[in-house]
Amino acid sequence: MNSEKLINLFEAFMKKDDDAFYSIAQEIIKEEERKKHHLLAAQLKRILAENSISSNIPPRHMPPIPRDNEKGFKLLEVKKFFLSWDDVVLSKETEETLKQIIRELEKEDILATYGLRPKRKILFYGPPGTGKTLTAKVMSSVIGYPLVFVRFESVISSYLGETASNLRKIFDFIEKGKWVVLFDEFDIIGKQRDDPTEHGEIKRVVNNFMLMLENYEGDSLIIAATNHPHILDIGVWRRFDEIVYFDLPDKKRRKKLFEKYLKVLKKDKKFDITKLAEQSMGFSGADIEQACIDALKMAILNDRAVVSFDDVKKAVHKQKKKIKARKGN
Ligand SMILES: Nc1ncnc2c1ncn2[C@@H]1O[C@H](COP(=O)(O)OP(=O)(O)O)[C@@H](O)[C@H]1O
Ligand SMILES: [Mg+2]
């Protein structure tokens, strides 16, 4: 780390300038990553994240977090992330679409002079574990707006009458700032909609949400993510400015994922990433990460400083069984 950064970091701390502190901290993490000090970078990231359990946003920038009247739990979480495009492995096409969304937001003033507006309402869909939630965190990091994380389940799970008022509170909060807002596992509303009991009530709530989304004209980027696009009714799609499909990774991306999630240990001479990519057809990014974690643990707990090809092959095999079991359900 150069001395200028160190001085700036100390100054930011003494002046209690949290924004400056976080941005210098982020630069330092990036620098360590560039130097391939991955363990140190991961540790620094963790420290920033962990010391911010509910939120690491300086309090003076934070409106009060809305709560559910009945149970009192928080309806959303606000967090800053320090990720980059390198942290997620996507198809070229998907990455381009997402980067274009960010570019439009960055140049919104120029667009406005021509009467144009950036895309702000995005739907992410695709199988579980393909990086939808992760990508929302990356976009929040890259654009520099904190992430507002709305777990739809908690909004909906209380009395239905309460749900509409919860949604209103969430949108009121969103309107007070510039955020990336993630309505995660958004499919819950679609799912319940098919439930014949309470059908009318749920329908009202869905329409309510869609209307609030449609009327929203603020500065935030709103992302709704779902694993089950087929249950969202046709009308839902029209409300979004962009729809992004997250597919299962192809062979090339699977290779990249193995490299990414195994990089903390050296590999033995036999190691053949291409073969692993071939043997993991149908795996999601999360499945590959899980297999890699299992393999790394096997090596570490056996006091080996090297992860062997056999470790990973075994872990891939085990993960394959899990995927099969999951599909059976
Ligand atoms: N495309 C990807 N690139 C890198 N890592 C991924 C990818 N997809 C999944 N992962 C890993 O799996 C974890 C879970 O993925 P997540 O983003 O929650 O998937 P989803 O929201 O689509 O269900 C991520 O935090 C990441 O560690
Ligand atoms: Mg998710």
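Small disclaimer: the values here were computed from a predicted structure and weren't measured.

*Asks:* Whenever I open this one, the sheet that holds strand β4 (residues 180-184) confuses me. Can you help?
*Replies:* Sheet architecture is open: six strands sit in the order β1-β3-β4-β5-β2-β6, paired in mixed fashion. The two strands at the open ends of the sheet, each matched to only one other strand, are β1 (77-79) and β6 (242-245). The sheet shows a mean angle of 20° between the axes of neighbouring strands, direction not considered. Together, β2 (121-125), β5 (221-226) and β6 form the strand contacts of helix α4 (residues 92-106), whose direction differs from that of β6 by roughly 145°. Where helix α6 (residues 132-143) meets the sheet, its contacts fall on β2, β3 (147-151), β4 and β5, and the angle it forms with β4 comes to roughly 170°.

*Asks:* Hey, could you run me through the environment of methionine 139 in this one?
*Replies:* Tracing the sequence through the fold places methionine 139 in helix α6. In contact with methionine 139, other than residues within four places in its own chain, are Trp85, Leu98, Ile101, Ile102, Phe124, Val180, Leu221 and Ile223.

*Asks:* What is the right way to look at the site of ligand 1 in this model?
*Replies:* Looking at ligand 1, there are 15 residues lining it, with Val89, Gly129, Lys132, Tyr261 and Glu289 nearest. Measuring from an oxygen atom of ligand 1, one finds a side-chain N or O atom of threonine 133 at 2.8 Å. Between tyrosine 261 and ligand 1, the recorded distance is 2.7 Å, taken from a side-chain N or O atom to a nitrogen atom. Protein contact buries 82% of the 550 Å² of open area that ligand 1 shows by itself. Mapped onto the shell around ligand 1, the elements with two or more residues apiece are α6, α12 (251-262) and α14 (285-301).

*Asks:* What's the story with the packing of α4 against α6 in this structure? I'm lost.
*Replies:* A packed helix pair is summarised by two numbers, namely the angle formed by the two axes and the spacing between the axes. Close contact between α4 and α6 brings their axes to 11 Å; oriented N to C, the two are set at 30°. It follows that α4 is roughly parallel to α6 by the angle criterion. In the packing of α4 onto α6, the handedness of the crossing is right-handed. Where α4 approaches α6, its residues Leu98, Ile101, Ile102, Leu105 and Glu106 are matched on the opposing element by Thr135, Met139, Val142 and Ile143. Looking at side-chain class alone, the contact of α4 with α6 contains seven nonpolar, one polar and one charged residues.

*Asks:* Please explain the environment of serine 154 as it appears in this structure.
*Replies:* Tracing the backbone through its elements, the reader meets serine 154 in helix α7 (residues 152-156). On the basis of relative accessible area, serine 154 is assigned to the buried category, the value being 18%. Along the backbone, serine 154 and leucine 75 are 79 residues apart, and their C-alpha atoms lie at a distance of 6.7 Å. Excluding residues within four positions of it along the chain, serine 154 makes contact with Phe73, Lys74 and Leu75.

*Asks:* I would appreciate a short explanation of the pairing of β2 in the present structure.
*Replies:* Within a regular beta strand, the side chains point alternately toward one face of the sheet and then the other, so they alternate between its two faces. The element β2 is extensively covered by neighbouring structure, given that four of its five residues are classed as buried. Pairing of β2 with β5, which is carried by five bridges, proceeds in the parallel orientation. Bridging across to β5, isoleucine 122 finds its partner in isoleucine 223. As paired strands, β2 and β6 are joined by four bridges and run parallel to one another. Looking across to β6, one finds that isoleucine 122 is bridged to glutamate 242.

*Asks:* Hey, could you run me through the side chain of glutamate 162 in this one?
*Replies:* You can see glutamate 162 is positioned in helix α8 (residues 160-174). Setting aside anything within four residues of it in sequence, one finds glutamate 162 in contact with Asp68, Asn69 and Glu70.

*Asks:* Would you take a moment to explain unusual backbone geometry for this structure?
*Replies:* Located in the positive-phi region is lysine 16, a residue other than glycine, with phi close to 55°. Here lysine 16 is to be found in the loop between α1 (3-14) and α2 (18-34). Judged by its relative accessible area of 67%, lysine 16 falls in the exposed class. With a phi close to 65°, lysine 36 is a non-glycine residue in the positive phi region. Locating lysine 36 in the fold gives a position in the loop between α2 and α3 (38-50). Under the relative-accessibility criterion, lysine 36 is labelled exposed at 63%.

*Asks:* How should I be thinking about a nonpolar patch on the surface in this particular structure?
*Replies:* A contiguous nonpolar patch, built from Ile110, Tyr114 and Leu116 and spanning about 360 Å² of accessible area, is present on the exposed surface. Its location among the elements puts leucine 116 in the loop between α5 (108-113) and β2. Judged by its relative accessible area of 48%, leucine 116 is partly exposed.

*Asks:* Just to check I follow, could you spell out the environment of lysine 137 for this structure?
*Replies:* Tracing the backbone through its elements, the reader meets lysine 137 in helix α6. Ignoring sequence-local partners within four residues, the contact set of lysine 137 consists of Phe81, Leu83 and Leu147.

Conventions and cut-offs
Residues numbered from 1 in each chain as written. Chains lettered and ligands numbered in written order. Predicted model: local features only at pLDDT ≥ 70, side-chain atom pairs only at ≥ 80, totals over all residues. Heavy atoms only, no water. Pairing = 2+ DSSP bridges. Helix = DSSP H or I, 4+ residues; strand = E, 2+ residues; numbered from the N terminus. Axes fitted to C-alpha atoms, helices over the stretch in contact; angles between N-to-C directions. Contact = heavy atoms within 4.5 Å. Near = heavy atom within 4 Å. Polar contact = N/O pair within 3.5 Å; in protein donor to acceptor, adjacent residues only side chain to side chain. Areas by Shrake-Rupley, 256 points an atom, 1.4 Å probe, with all protein chains shown as cover. Parallel < 35°, antiparallel > 145°, perpendicular 65-115°, else oblique. Left-handed = near helix turned anticlockwise from the far one by under 90°. Nonpolar A, V, L, I, M, F, W, Y, C, P; charged D, E, K, R; others polar. Buried < 20%, exposed > 50% of the residue type's maximum accessible area, 1.4 Å probe, protein only. Patch = residues over 30% accessible without salt bridge, like charges linked within 9 Å, V, L, I, M, F, W, Y side chains within 5 Å. Salt bridge = Lys/Arg side-chain N within 4 Å of Asp/Glu carboxyl O.

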